[in-house]
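So the chains spell out like this:
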Amino acid sequence: MRWIWIDRFIEFERGSHAKAIKNITLAEEHLHDHFPGFPIMPGSLMLEGMAQTGGILLGDVHNFEHVVILAKVPKIEFHSWATPGDTLTYSAKLIEARAEGGMVECTAKVGDRLVAEAEIVFAHVDPASTGAAQIDQKSFVFTSRLLTVLDVGKAGSGGH
Amino acid sequence: MPTRDEILDKVRDTLVDALGVDEDEVTPQARLSADLGAESIDFLDIVFRLEKSFNTKIPRGELFPENFSAADATLVANGKVTEKGIEELRTRMPHADVDSFAKDPKVENIPELFTVNMIVNFLEKKLAS
């Protein structure tokens, strides 16, 4: 399963900030249940999209040497909603990046309309601190594998 | 150099944001875990916020020491912190009330050292240096 809730990075400034977009479509099964007759992007998935945008930013600072996990969401506020056809722009600003973990501040917008804002704290789980001999990176989300999203756009616009 | 009251005010704001507690719960004597409900990850969040709010750097383990008993087996015996362990705590946490802890030095009481006052002591010293 590919748990990727961002479609493309449009800005990526190492150690500083990143912007990613997510196009919402009715092809996403869950929107038909959330809610019948009123399809809106679930807040939890917007949080995931913001966490992925910010999690890559943090992982990249340490060259993906740590396993980055979402540890805490001290703040999340929803101001509006987003529907199929909308493009959500997730902006993440790196506030802290240390050996133990990091923190980002994020917003989700449709155009200029603020949809959500969040603070997200990440922790680093290292094999030494958990006692586990080896951690399978494949089980985690915020890894260099997620950087395949950065390849989107390399295919070009499709124009001639 | 902020006064002790000014430091306490900012620490209170920090803990209200990090732990979602009410202002009046954050008394100097309040214990972060037992009284304010802090869990392990909250300590990281608190350090981030204090650094930002006080514009200072707090290296890992300086405010909240980690893995105290794991580092040296002679610091703990039979579920209690040994004499040597108490001395180690005094060295590592000059900002904490180790005297009170020493009266009943059970390992499970170590989190009791982490109080609002302890953070204020730490910052007062840090900002003065």
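This section reports on the structure supplied with the text. Keep in mind that this is a model prediction, so the values were computed, not measured.

**What about the interface of chain A and chain B?**
Inference 1: Facing 16 residues of chain A, the contacting portion of chain B comprises 15 residues.
Inference 2: Of all residues in chain A, Lys72(A), Arg98(A) and Glu100(A) give up the largest surface area on contact with chain B, accounting jointly for 46% of the area buried on that side.
Inference 3: For the interface between chain A and chain B, the tally reads five salt bridges.
Inference 4: Across the pair Asp45(B) and Lys72(A) runs a salt bridge whose closest N-O atoms are separated by 2.7 Å.
Inference 5: Put simply, the parts of the chain that give the side of chain A that touches chain B at least two residues each are strand S3 (67-78), strand S4 (87-97), strand S5 (101-110) and strand S6 (113-125) of chain A.
Inference 6: Its residues assigned to classes, the side of chain A that touches chain B shows eight nonpolar, two polar and six charged.

**Points about the packing of aromatic side chains**
What describes a pair of aromatic rings is the distance from one ring centre to the other and the angle between the planes of the rings.
All names here are of chain B.
Inference 1: According to the stated counting rule, one finds six aromatic pairs over all chains in the structure shown.
Inference 2: Relative to phenylalanine 64, the ring of phenylalanine 43 lies with its centre 4.7 Å away and its plane at 70°, an arrangement referred to as edge-to-face. Separated by 21 residues along the polypeptide, phenylalanine 43 in helix H2 (residues 40-54) and phenylalanine 64 in the loop between H2 and helix H3 (68-71) bring together distant segments of the chain. For the residue pair phenylalanine 43 and phenylalanine 64, the accessibility class agrees, reading buried in each case.
Inference 3: An aromatic cluster is defined as three or more aromatic residues linked by ring pairs; in this entry it consists of Phe43, Phe64 and Phe114.
Inference 4: In this structure, lysine 10 packs its charged tip against the face of phenylalanine 54, placed 4.8 Å from the ring centre.

About the criteria used
- Residues numbered from 1 in each chain as written.
- Chains lettered and ligands numbered in written order.
- Predicted model: local features only at pLDDT ≥ 70, side-chain atom pairs only at ≥ 80, totals over all residues.
- Heavy atoms only, no water.
- Contact = heavy atoms within 4.5 Å.
- Buried area = accessible area lost by both parts, 1.4 Å probe.
- Salt bridge = Lys/Arg side-chain N within 4 Å of Asp/Glu carboxyl O.
- Helix = DSSP H or I, 4+ residues; strand = E, 2+ residues; numbered from the N terminus.
- Nonpolar A, V, L, I, M, F, W, Y, C, P; charged D, E, K, R; others polar.
- Phe/Tyr/Trp six-rings, centres within 6.5 Å; stacked < 30°, edge-to-face > 60°.
- Buried < 20%, exposed > 50% of the residue type's maximum accessible area, 1.4 Å probe, protein only.
- Lys NZ or Arg CZ within 6 Å of the ring centre and 35° of its normal.

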